[in-house]
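Observations on the three-dimensional arrangement
The residues making up each chain are set out below.
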Protein chains: 2
Amino acid sequence: MTIKAVVFDAYGTLYDIQSVASVTEEAFPSYGEIITQIWRIKQLEYTWLRSLMRRHQDFSVITEESLAYTLRVLGLKAEPGAFARIMEKYLHLDLYPDALATLAALRGCKLAILSNGSTAMLSALVKNSGLDRVLNATISVDSKKIFKPAPDAYTLIEEVLGVPPTEVLFVSSNPWDSCGAKSFGLNVAWIERVTPEAMALACVKSDVVPPLTMFKAIRTQMDELGLKPDYRIHALSELPGLVAAHEP
Amino acid sequence: MTIKAVVFDAYGTLYDIQSVASVTEEAFPSYGEIITQIWRIKQLEYTWLRSLMRRHQDFSVITEESLAYTLRVLGLKAEPGAFARIMEKYLHLDLYPDALATLAALRGCKLAILSNGSTAMLSALVKNSGLDRVLNATISVDSKKIFKPAPDAYTLIEEVLGVPPTEVLFVSSNPWDSCGAKSFGLNVAWIERVTPEAMALACVKSDVVPPLTMFKAIRTQMDELGLKPDYRIHALSELPGLVAAHEP
């Protein structure tokens, strides 16, 4: 089956959410990285918990609430303006260095983002990074009132692009998102950005396990959910070759 | 409204899941505690992710899969038998020291457990700890094929005990579970076993944030989900007084 559309997750896949660390470090010296790690864990947890409780809330609210939680747990108080400056960075995240060239090389396919982000957050992010010029669609789960990995979220791809799941390649660095997409029936390429070897080495070298290594590990290693992505790659730049090889 | 039933979460509320650390430490010296922390995070994530993906699996399978993930991420290999010994401990968890006395003092109410645990795991655990003699019911979410905090899980309380939500006090140390129960409409007592002050102090005293402190923090501090438990207590032993005071 030919791949007719390549659909990307946004946060952590095309956009480096760790790039928030520059702003959090400025606001809270020496806490910058740990803030981004806890923030991300809680941001994800809240999307899943709210979906299960049937108390959907806009992703921007969830992002604010998980940041508030993070600062509280760390015993940090944001000075006026700092909270807003950190949140603002979410609209100006750095693209991974190979993102633009990869998208350009894939121009033969329909290209889109499918993200838990709200329509407003995604529009700003895509515009600020210049991706609005190369993407055919930026799809937020907003209209479904439920977050990935619920099947309803992935149905939006066919609804918006008109391409059936078997002809879509879904790309995510998030293990849970890769599993959700696979469970739904999409072709899936999972980007493994931190290898298990690098993780194990970091553990051996340090006083058992450094906290940042650990937080990164539990977000970047493939989960045990009884599902396996079709492809395991290490960078966006591998995608054009992969799509070409997938042709019948 | 009089409280006619007190219903407890099991893992982390009546039973100390950190007591697994003795067995994990024996199997993997110096990794005992970190294993239990990562294991727990992933065990919870998998219950939520599988519920959202509509791929329900028995809690014992999820517990095994999250342990397998934890060992893999840490670069650890279990010798034959070690994996089974660790899993076995889940059927012999320690009760919190004040659990038995608290349940005895609450004997005027119907008493039950509502847990994500499978029927087989819970039956063994309750029998091994002697709670089968004081509980009116041990309720697993099994029959609903979805995990807490989905509303369907909490409906089991009225179905099994015949007591409506307004006359039930639900007790959990898990912030997300306390929020789920509150969202459903139960009266909720949240047990905060680690105070924010202790957490913040641990951060200040150490090289920013020690990993175990951090993992504990993100499991024990109240979440930002727009919900507030009715009561915030610090130990099970506060419950008899609380139930008495709740009387009209």
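These numbers were taken from a predicted model, which means no experiment stands behind them.

Turning our eyes to something else, we now look at the pairing of strand β5 (residues 137–140) of chain B. All names here are of chain B. Inspection of the sheet shows strand β4 (residues 110–115) paired to β5 by four bridges, in the parallel sense. Residue pairing across strands places Ser115 opposite Ser140, the latter belonging to β5. Handedness of the crossover is the feature at issue here: the chain leaves β4, passes through helix α6 (residues 119–128), returns alongside β5, and the resulting connection is right-handed.

All names here are of chain A. Assigned domains within chain A: domain 1 (5–17 + 92–246) and domain 2 (18–89). Centre-to-centre, using C-alpha coordinates, domain 1 lies 21 Å away from domain 2. Counting from both sides, the interface comprises 24 residues of domain 1 and, opposite them, 22 residues of domain 2. In total, domain 1 and domain 2 occlude about 2200 Å² of area from one another, counting both sides; carbon and sulfur atoms represent 65% of this. Remark: the boundary between domain 1 and domain 2 carries one salt bridge. Our count for the contact surface shared by domain 1 and domain 2 stands at 14 residue pairs in polar contact (both at pLDDT 80 or more). It is helix α10 (residues 211–220) that contributes the most residues to the side of domain 1 that touches domain 2, six residues altogether.

Bringing the pairing of strand β4 (residues 110–115) of chain A into the picture now. All names here are of chain A. Counting buried residues along β4, five of its six residues qualify, which places the element largely inside the surrounding structure. Bridging between strand β1 (residues 5–8) and β4 involves four bridges; their strand directions are parallel. Looking at the pairing, Val6 lines up with Leu111 of β4.

This part covers the sheet that holds strand β5 (residues 137–140) of chain A. All names here are of chain A. One open sheet holds the six strands; their spatial order is β5-β4-β1-β6-β7-β8, and the pairing between them is parallel. This sheet does not close on itself; its edge strands, each paired only once, are β5 and β8 (231–233). With strand direction ignored, the average angle separating the axes of adjacent strands in the sheet is 25°. Judged from the three bridges that link them, strand β7 (residues 187–191) and β8 form a sheet pairing that is parallel.

We now examine unusual backbone geometry. For the bond from Lys148(A) to Pro149(A), the omega torsion is 10°, close enough to zero to count as cis. Counting through the fold element by element, Pro149(A) comes out in the loop between β5 and α7 (151–161). Located in the positive-phi region is Ser30(B), a residue other than glycine, with phi close to 75°. For Ser30(B), a relative accessible area of 45% puts it in the partly exposed group. Phi at Lys145(B) takes a positive value of approximately 55°, unusual for a residue other than glycine. By the element assignment, Lys145(B) lies in the loop between β5 and α7 (151–161).

All right, on to helix α8 (residues 175–184) of chain B then. Most of α8(B) sits out of view: eight of its ten residues are buried. Of the residues one or two after α8(B), Gly185(B) is the one with positive phi, at around 120°.

Below, the discussion takes up the environment of Ser118(B). All names here are of chain B. Its location among the elements puts Ser118 in the loop between β4 and α6. Exposure remark for Ser118: the relative accessible area of 2% places this residue in the buried category. Along the primary structure Ser118 and Asp142 are separated by 24 residues, whereas in three dimensions their C-alpha atoms are 5.9 Å apart. When sequence neighbours within four positions are dropped, the list of residues in contact with Ser118 reads Asp58, Phe59, Ser60, Ser140 and Asp142.

Rules behind the numbers
- Residues numbered from 1 in each chain as written.
- Chains lettered and ligands numbered in written order.
- Predicted model: local features only at pLDDT ≥ 70, side-chain atom pairs only at ≥ 80, totals over all residues.
- Heavy atoms only, no water.
- Pairing = 2+ DSSP bridges.
- Helix = DSSP H or I, 4+ residues; strand = E, 2+ residues; numbered from the N terminus.
- Right-handed = clockwise from strand over helix to strand, strands pointing away.
- Domains from an automatic or database assignment.
- Contact = heavy atoms within 4.5 Å.
- Buried area = accessible area lost by both parts, 1.4 Å probe.
- Salt bridge = Lys/Arg side-chain N within 4 Å of Asp/Glu carboxyl O.
- Polar contact = N/O pair within 3.5 Å; in protein donor to acceptor, adjacent residues only side chain to side chain.
- Buried < 20%, exposed > 50% of the residue type's maximum accessible area, 1.4 Å probe, protein only.
- Axes fitted to C-alpha atoms, helices over the stretch in contact; angles between N-to-C directions.

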